[in-house]
Amino acid sequence: MVSQGRSSKRDLRKSNTTVPCRLCSMGYSTSLSSMLLPLLLPALLLLSFLSSRVTAMPEPVSTLKMERIHRHLEKINKPAVKSIQSPDGDMIDCVLRNKQPALDHPLLKDHKIQRRPSQMPSFKGERKQQNYTSNMGRRAWQAWHHVGPCPKGTVPIRRSSVQDVLRAKSLFHYGKKQVNTVPLAARSVEKPDVVSGNGHEHAIAYTGSRQEVYGAKATINVWDPSVESENEFSLSQVWILSGSFDGSDLNSIEAGWQVSPELYGDSRPRLFTYWTSDAYQATGCYNLLCEGFIQTDRQIAIGAAISPVSAYNGDQYDITILIWKDPTLGNWWLSFGDNRLVGYWPAELFTHLSNHATMVEWGGEVVNMQPNGAHTSTQMGSGHFAGDNFRKASYFRNLEIVDADNSLTAVQDIAILAENTNCYNIQSYKSSAWGTYFYYGGPGHNSLCP
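Named according to an unreviewed UniProt entry, the chain is Neprosin PEP catalytic domain-containing protein originating from Rhynchospora pubera.

Student: For the nonpolar core, give the residues involved together with the corresponding values.
Tutor: Ile240, Ile321, Trp345 and Trp362 are the most contacted members of the largest nonpolar core, which totals 83 residues. Ala102, Ile113, Ile294 and Leu408 belong to the second largest nonpolar core, which has 13 residues in total.

Student: Run through the sheet that holds strand 6 (residues 154-158), naming residues and quoting values.
Tutor: Ordered by their spatial adjacency, three strands build an open sheet running 1-2-6, and the pairing between neighbours is antiparallel. Each edge of the sheet is formed by a strand with only one pairing partner; in this case those strands are strand 1 (82-85) and strand 6. Each adjacent strand pair in this sheet contributes to an overall mean axis angle of 25°, direction not counted. Relative to strand 2 (residues 91-96), strand 1 is paired through four bridges, and the arrangement is antiparallel. Looking across to strand 2, one finds that Ile84 is bridged to Ile92.

Student: Pulling in residues and values, what's your account of the side chain of Thr276?
Tutor: Examined against the element boundaries, Thr276 turns out to sit in strand 11 (residues 270-276). Judged by relative accessible area, which is 0%, Thr276 ranks as buried. Of note is the side chain of Thr276, whose polar atom sits 3.0 Å from the side chain of Asp278. A polar contact of 2.9 Å, which involves the side chain of Thr276, links it to the backbone nitrogen of Tyr280. Not counting chain neighbours up to four residues away, the residues in contact with Thr276 comprise Leu250, Asn251, Ser252, Gln281, Thr283, Gly284 and Phe350.

Student: Give a detailed account of the sheet that holds strand 11, specifying residues and quantitative values.
Tutor: Spatial strand order, 11-10-9-17-7-20: six strands in an open sheet with antiparallel pairing. Among the strands making up the open sheet, the edge pair consists of strand 11 and strand 20 (415-418). The mean angle between the axes of side-by-side strands here comes to 20°, regardless of whether they run parallel or antiparallel. Judged from the nine bridges that link them, strand 9 (residues 234-242) and strand 10 (residues 251-259) form a sheet pairing that is antiparallel. Its bridge partner lying in strand 10, Trp239 is registered against Glu254.

Student: Please give an account of the environment of Val222 that cites residues and values.
Tutor: Considering the arrangement of structural elements, one finds Val222 in the loop between strand 8 (215-221) and strand 9. Each C-alpha atom, one on Val222 and one on Gln258, is 9.1 Å from the other, the two residues being 36 residues apart in sequence. With residues up to four places along the chain from it excluded, the contact list for Val222 reads Trp257, Pro269, Ile306, Val309, Ser310, Tyr317, Asp318 and Ile319.

Student: Mind laying out the pattern of salt bridges, listing which residues take part and the relevant values?
Tutor: If you walk through the whole model with that rule in mind, you get 13 salt bridges. Between Lys124 and Asp403 there is a salt bridge whose closest N-O contact spans 4.0 Å. In this pair, Lys124 sits in the loop between strand 3 (122-123) and strand 4 (138-139) while Asp403 sits in the loop between strand 18 (394-402) and strand 19 (407-410), placing the two residues 279 residues apart along the sequence. With relative accessibility at 42%, the residue Lys124 sits in the partly exposed group. In this structure, the salt-bridge partner of Arg340 is Asp297, at a minimum N-O distance of 2.8 Å. Placement of the pair is Arg340 in strand 16 (residues 340-345) and Asp297 in the loop between strand 12 (294-295) and strand 13 (306-307), with a sequence separation of 43 residues. Take Asp297: its relative accessible area is 7%, and that puts it in the buried class. Look at the salt bridges and you will find they share partners, linking Asp90, Arg158, Asp164, Arg167, Asp266, Arg268 and Arg270 into a network.

Rules and cut-offs
- Residues numbered from 1 in each chain as written.
- Predicted model: local features only at pLDDT ≥ 70, side-chain atom pairs only at ≥ 80, totals over all residues.
- Heavy atoms only, no water.
- Core = buried A, V, L, I, M, F, W, Y, C linked by side-chain atoms within 4.5 Å.
- Buried < 20%, exposed > 50% of the residue type's maximum accessible area, 1.4 Å probe, protein only.
- Pairing = 2+ DSSP bridges.
- Helix = DSSP H or I, 4+ residues; strand = E, 2+ residues; numbered from the N terminus.
- Axes fitted to C-alpha atoms, helices over the stretch in contact; angles between N-to-C directions.
- Polar contact = N/O pair within 3.5 Å; in protein donor to acceptor, adjacent residues only side chain to side chain.
- Contact = heavy atoms within 4.5 Å.
- Salt bridge = Lys/Arg side-chain N within 4 Å of Asp/Glu carboxyl O.

Structure representation (structure tokens):
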């Protein structure tokens, strides 16, 4: 139909012949083109519209692929004792602690769940009393808590759906970072090589790579940055790193908040974790989307939305992340907020991190896929540059590391790095209340970041 219409129109343009008609005998003349054009235009527009709608329709999913997806979801969506519908749309399943996905890992076949760490890190010295009514943030929590925590003996797990998997590049890639995406690593001895050449941009602070580190801590205010494309993300996190930074054995433990439409299907900031023991090649994943991280807490759901969030020139809401190595069993524990123990990464998962970390990084990261041929407008942090300061820019405050004696000490010397300060930047400071801290972030695309 379309090809015939185009052919007729082309022929008309060539001939543009007049045709006999009753009006002609009365002294009037008309052409076939002028008679048919008002009729053809609406038809062509309709065909064009229908064609665009057809090409925009998603490709059908094969039966075989759907079977594979359902089998995978059966592995990670364990039977629930109770399910909680969150007001933000998430379904939180309360799964028996000893039936969670982590324990399917072959290295954890005989693992006995550690209910509590043998010892919490203690701070050396004195911290100034924090006044949350002045220049401090308030504590952010999670939206699904309106109905209370999961029952005793269970852990909350955000349920994955078929649509979650279909948004990923493939079933293998679901819940995983791309190979070599964030090795925020140090090809040189002292400076992280964050310029990965695959669209990832950062604004980070980091320690030197020659010290022995057994954990790190920071308080981060939470925002809901705009993310331009579904396959981009914006995150703020802590990295615990060890291993070969230019090889395939990098070990990384990560936690913070992120906005990732591809992973979660929305633009809400969410608590997340990640781990890898082979530089993001085959091991590890986000949250509880594979075997690995063992959850012990019944109130914090990893991957669930954080609420409320900070407002520009308004109330600030923050979370505190502490990751440290248990001095007795060697597991790497995660604490959220006011020392709430979420769970741990078993020592069996790692090679280099089975001993200690050699570098810590704090900061923001975005993916820039250059939509429309320009730098992405995906925001980092609040979407405002570091110079805007409190209530406007994002911050990491009270940066601390864990020493070999399980003591928390304030970070004294950090370096900062951002690839393109016209898009995203970072500025570090020190104060009695916030210790070592920094502001970071930016809007992405602007007149100086084309």
